[in-house]
Amino acid sequence: MTLMSQIRPPSRKAALIAAVTVGSLAIAAALLPRVLAQPAPGAGLPAFQPHGPDLELLASTPPVILVHLAFGLLALMVGAILMAGRKGARMHRILGWGWVLAVGIVAITSLFIRVVNPGHFSFIHILSGYVIIALPLAVAAARRHDVERYRRTMTGMFFGGFAVNLLFVLLPGRFVWNLFLG
């Protein structure tokens, strides 16, 4: 039995998970301005002021953060294409290798970013460690034709990893917040 014959189109469950994820992010994005518009006195939250990217902030950013951001955005876009497209096709495999490379670079560069806990690792680095271990294991599962393990791991990394990371990068005071919202 070939890998192509084992791969099936996305299930209704996967489509439902994708719809709930996108819907939840849309609701959170819609509510965020209201929540942050009126910070409590003394709360110290920065004001929510959406704007185009702050090019001065971008120019003064360390290269490792720029590489991390660029490959993170690339992984997000390629991952969305992979999740929406036909699984197992030649294009899926080609884009999949690009996604693996991009996610690997994001995980490795994150080890050099220590802003939350200056000079030390923080709790978000646990996710980086997981990705550095799980990514090659998922690729190995695909090469062994263990489609179910491969699908679970890659889908979990895409939806779980990006959902968790989006929550962290959009916190007030963080780089992406300051770049677009602060």
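Scope of this entry: the structure provided in the associated data block. (Residues numbered from 1 in each chain as written. Predicted model: local features only at pLDDT ≥ 70, side-chain atom pairs only at ≥ 80, totals over all residues. Heavy atoms only, no water.)

**Some words on helix H4 (residues 63–84)**
- Its 22 residues give H4 an end-to-end C-alpha distance of 32 Å, which sits within 8% of 32 Å, the value for a rise of 1.5 Å per residue.
- The set of residues buried in H4 consists of Ile65, Gly72, Ala75, Val78, Gly79 and Leu82. Along the long axis of H4, the arc covered by the buried residues comes to 165°, so they all point the same way. Counted as exposed and oriented over 90 degrees from the buried face of H4: Pro63, Met77 and Ala84.
- Where the residues of H4 are buried, they touch helix H5 (90–110), helix H7 (147–169) and helix H8 (175–180). (Helix = DSSP H or I, 4+ residues; strand = E, 2+ residues; numbered from the N terminus. Expected span 1.5 Å × (residues − 1). Buried < 20%, exposed > 50% of the residue type's maximum accessible area, 1.4 Å probe, protein only. Arc of directions from axis to C-beta. Contact = heavy atoms within 4.5 Å.)

**Notes on the environment of Gly79**
- Along the chain, Gly79 turns up in helix H4.
- Gly79 sits in the buried class, given a relative accessible area of 2%.
- Contact partners of Gly79, with chain neighbours within four places excluded, come to Trp99 and Phe158.

**Here's the deal with the packing of aromatic side chains**
- Overall, the coordinates contain one aromatic pair when judged by the stated rule.
- With a centroid separation of 5.1 Å and an interplanar angle of 80°, the aromatic rings of Phe158 and Phe159 are classed as edge-to-face. Neither Phe158 nor Phe159 differs from the other in exposure class; each is buried. (Phe/Tyr/Trp six-rings, centres within 6.5 Å; stacked < 30°, edge-to-face > 60°.)

**A look at H5**
- Its 21 residues place the ends of H5 30 Å apart at the C-alpha level, agreeing with the 30 Å of an ideal helix rising 1.5 Å per residue.
- Packing partners of the buried residues in H5 comprise H4, helix H6 (125–143) and H7.

**Details of the nonpolar core**
- Ranked by size, the top nonpolar core spans 18 residues in total, and within it Ala75, Trp99, Val100, Val103, Leu135, Met154 and Met157 carry the most contacts.
- For this core, the secondary-structure elements that each account for two or more residues are H4, H5, H6 and H7.
- Setting aside residues no more than four positions away along its own chain, Val103 makes contact with Ala75, Val131 and Leu135. (Core = buried A, V, L, I, M, F, W, Y, C linked by side-chain atoms within 4.5 Å.)

**Digging into the environment of Leu111**
- Counting through the fold element by element, Leu111 comes out in the loop between H5 and H6.
- Judged by relative accessible area, Leu111 falls into the partly exposed class, the value being 25%.
- Residue contacts for Leu111: discarding those within four places in its chain leaves Phe121, His125, Ser128 and Ile132.

Interpretation note: all reported values are geometric properties and have no functional meaning in isolation.
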